Amino acid sequence: MNEILDLLPIPAERDFPPGHLEARRDALVAATWAEGARESVARRVLRAARGNVTKTWLSLLGLLALGVALVCTGLSAQTRPAQSGAVALLAVTVAAQVAPPLRLADTRRQ
Amino acid sequence: MFSEVMSIGNRMTAADMNQVVAATDRELWAAAVGGDAESFGALFERHSRAVYNFAFRWTADWAAAEDAASDVFLTAWRRRGNVVFTTESGSVLPWLLGVAANQLRNQRRTRRRSNAALARLDPREVQSDHSDETLGRLADEAQMAHVQAVVAQLPEHERDVLAICAWAGLDYAEAAIALDIPVGTVRSRLSRARTHLRELVEANGHELRRDAVTR
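Just so it is clear, the model here is predicted, and its values are computed rather than measured. (Residues numbered from 1 in each chain as written. Chains lettered and ligands numbered in written order. Predicted model: local features only at pLDDT ≥ 70, side-chain atom pairs only at ≥ 80, totals over all residues.)

1. Remarks on the overall build of chain B
The secondary structure content of chain B amounts to 9 helices and 0 strands. Residues counted as buried form 36% of the 215 residues belonging to chain B. Across chain B, the fraction of contacts at a sequence separation of at least 24, relative to all contacts at a separation of at least 6, is 64%. (Helix = DSSP H or I, 4+ residues; strand = E, 2+ residues; numbered from the N terminus. Buried ≥ 20, exposed ≤ 12 C-beta atoms within 10 Å, placed from the backbone. Contact = placed C-beta atoms within 7 Å.)

2. Considering the overall build of chain A
A tally of regular secondary structure across chain A gives 2 helices and 0 strands. A buried classification covers 11% of the 110 residues belonging to chain A.

3. A few points about helix H6 (residues 135–151) of chain B
Residue and element names in this part refer to chain B. Helix length check: H6, at 17 residues, gives a terminal C-alpha distance of 24 Å against a target of 24 Å (1.5 Å per residue), a fit within 8%. Regarding H6, the residues found buried are Asp140, Glu141, Met144 and Val151. The buried side chains of H6 occupy one side of the element, clustering within an arc of 100° when seen end-on. Across from the buried face of H6, at angles greater than 90 degrees, the exposed residues are Leu135, Leu138, Ala139, Ala142, Ala145 and Ala149. Turning to H6, the residues buried within the fold contact helix H3 (37–59), helix H4 (62–78) and helix H7 (156–167). (Expected span 1.5 Å × (residues − 1). Arc of directions from axis to C-beta.)

4. With respect to the interface of chain A and chain B
In this assembly, 27 residues from chain A lie in contact with 38 residues from chain B. Broken down by element, the residue count for the side of chain A that touches chain B peaks at 12 residues, all from helix H2 (residues 20–109) of chain A. Looking at the side of chain A that touches chain B residue by residue, the class counts come to 17 nonpolar, 3 polar and 7 charged. (Nonpolar A, V, L, I, M, F, W, Y, C, P; charged D, E, K, R; others polar.)

5. Quick word on the environment of Gly184(B)
Here Gly184(B) is to be found in helix H9 (residues 183–203). In the structure, Gly184(B) is positioned 11 residues away from Ala173(B) in sequence and 9.3 Å away in space, judged by C-alpha atoms.

6. Thoughts on the nonpolar core
Residue and element names in this part refer to chain B. Among the nonpolar cores identified, the biggest contains 59 residues, and Ala55, Leu96, Leu97, Ala100 and Ile164 are the most heavily contacted of them. No other element matches the 11 residues that H3 contributes to this core. Ignoring anything within four residues of it in the chain, the contact list for leucine 97 reads Val51, Phe54, Ile164, Ala168, Leu170 and Ala178. (Core = buried A, V, L, I, M, F, W, Y, C linked by C-beta atoms within 7 Å.)

7. Points about unusual backbone geometry
All names here are of chain B. Even without being a glycine, alanine 60 presents a positive backbone phi close to 55°. Position of alanine 60 among the secondary structure elements: in the loop between H3 and H4. Despite not being glycine, aspartate 180 has its phi angle at roughly 60°, a positive value. The exposure class of aspartate 180 is exposed, given the 11 C-beta atoms found within 10 Å.

8. Focus on the packing of helix H2 (residues 25–33) of chain B against H3(B)
Residue and element names in this part refer to chain B. Direction vectors running N to C along H2 and H3 enclose 145°, while the axes themselves pass 7 Å from each other. Both H2 and H3 take part in a crossing whose hand is left-handed. Contacts between H2 and H3 involve Asp25, Leu28, Trp29, Ala31 and Ala32 from the first element and Ala37, Ser39, Phe40, Ala42 and Leu43 from the second. Of the residues that constitute the contact of H2 with H3, the class distribution is 8 nonpolar, 1 polar and 1 charged. (Axes fitted to C-alpha atoms, helices over the stretch in contact; angles between N-to-C directions. Left-handed = near helix turned anticlockwise from the far one by under 90°.)

9. What about the packing of helix H8 (residues 172–179) of chain B against H9(B)?
Residue and element names in this part refer to chain B. At a closest axis distance of 8 Å, the pairing of H8 and H9 adopts a crossing angle of 100°. In this view, H8 runs roughly perpendicular relative to H9, as classed from their interaxial angle. For the pair formed by H8 and H9, the contact residues are Tyr172, Ala173, Ala175, Ala176 and Leu179 on the first element and Val183, Val186 and Arg187 on the second. A class-by-class count of the residues in the contact of H8 with H9 yields 7 nonpolar, no polar and 1 charged. (Parallel < 35°, antiparallel > 145°, perpendicular 65-115°, else oblique.)

10. Comments concerning the confidence of the model for chain B
Residues and elements named next belong to chain B. For chain B, the average pLDDT comes to 81, and 74% of its residues sit at 70 or higher. Note on residues 1–10: pLDDT under 50 across the span, and 21 contacts to partners over four residues away in sequence or across chains. Here residues 207–215 is modelled with pLDDT under 50, and outside its nearest four sequence neighbours on either side it reaches 13 contacts, counting other chains as well. (pLDDT = per-residue confidence, 0-100.)

11. Quick notes on H9(B)
All names here are of chain B. Its 21 residues give H9 an end-to-end C-alpha distance of 30 Å, which sits within 8% of 30 Å, the value for a rise of 1.5 Å per residue. Val186, Arg189, Leu190, Ala193 and Leu197 are the residues of H9 that are buried. Buried positions in H9, seen along its axis, are confined to an arc of 100° and lie on one side of it. Across H9 from its buried face, at more than 90 degrees, point the exposed residues Gly184, Ser191, Thr195, Glu199, Glu202 and Ala203.

12. Observations concerning the environment of Phe44(B)
Within the secondary structure layout, Phe44(B) lies in helix H3. Here Phe44(B) falls in the buried class, since 28 other C-beta atoms lie within 10 Å of it. Those residues in contact with Phe44(B), other than ones at most four positions away along the chain, are Arg25(A), Leu28(A) and Phe73(B).

13. Digging into the environment of Arg26(B)
Residues and elements named next belong to chain B. When you line up the elements, arginine 26 lands in helix H2. Counting along the chain gives 64 residues from arginine 26 to glycine 90, while the straight-line C-alpha distance between them is 6.4 Å. In contact with arginine 26, not counting residues within four places along its chain, are Phe85 and Gly90.

What follows is the structure in structure tokens.
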């Protein structure tokens, strides 16, 4: 480092002009204090807003789940008669297929 | 820890003052982050002189350096979550000087642009107001402007290392914290800066003035 300072000497260090350090310090303390207070207010508002948003989202999610559940129940209620109809149709078909050979067997026995 | 001196305007007692003087940078910083503005004031008192002189060496202007020192501490407060302390002494100064270097670098770019714009508007030289400056400070500014004219010819990264190590007196590890680069990079950049500076000084016809060395 000394070699650099030998090549290019720089002025000696100085203090702040009289009274300036205290003034600057007080201004800085006041600024940071005010900023800290403003930040904490802002943070509180943000936290509250975030809480409200979360609550709203949860409510919407709950409503959505309820809606989906209702739709599913409705659909299953609609599909049940169709299923029983299909079973009846199958039974009739089977009966229709099985009945003629049985009747034929009976006539042969007679 | 220093909650009793939290509100601004409160006068600190001698016991409080001793407590603050004995506190480490880490303790003061923690108290400041916890809402104790006076602890931040104590940190300002502790390190502002170093930041002020560092800023002067970048700006060659004592009044601008004073403003810059305040700005650096305000920026440091806003970036208080990113603070880095030195591993050995737990000092916050290298990190503060890093904040200062970033800020002053940006200011220099802005000033260069605004100076160019001013020069386009009005070709007359802009005279600064030195009415409240002492002769000594004027001489400092003239000397530093001369140094800056030479150093400005170095690449920016070499200039940064030179300012941090040679002018602010930080060691390699502290400079690495300040500039957020590895220690090896600090070493190599400083070595290159030294070589380039020697070439520049020789080319500019400067003489070695060991008797004028101030540090």
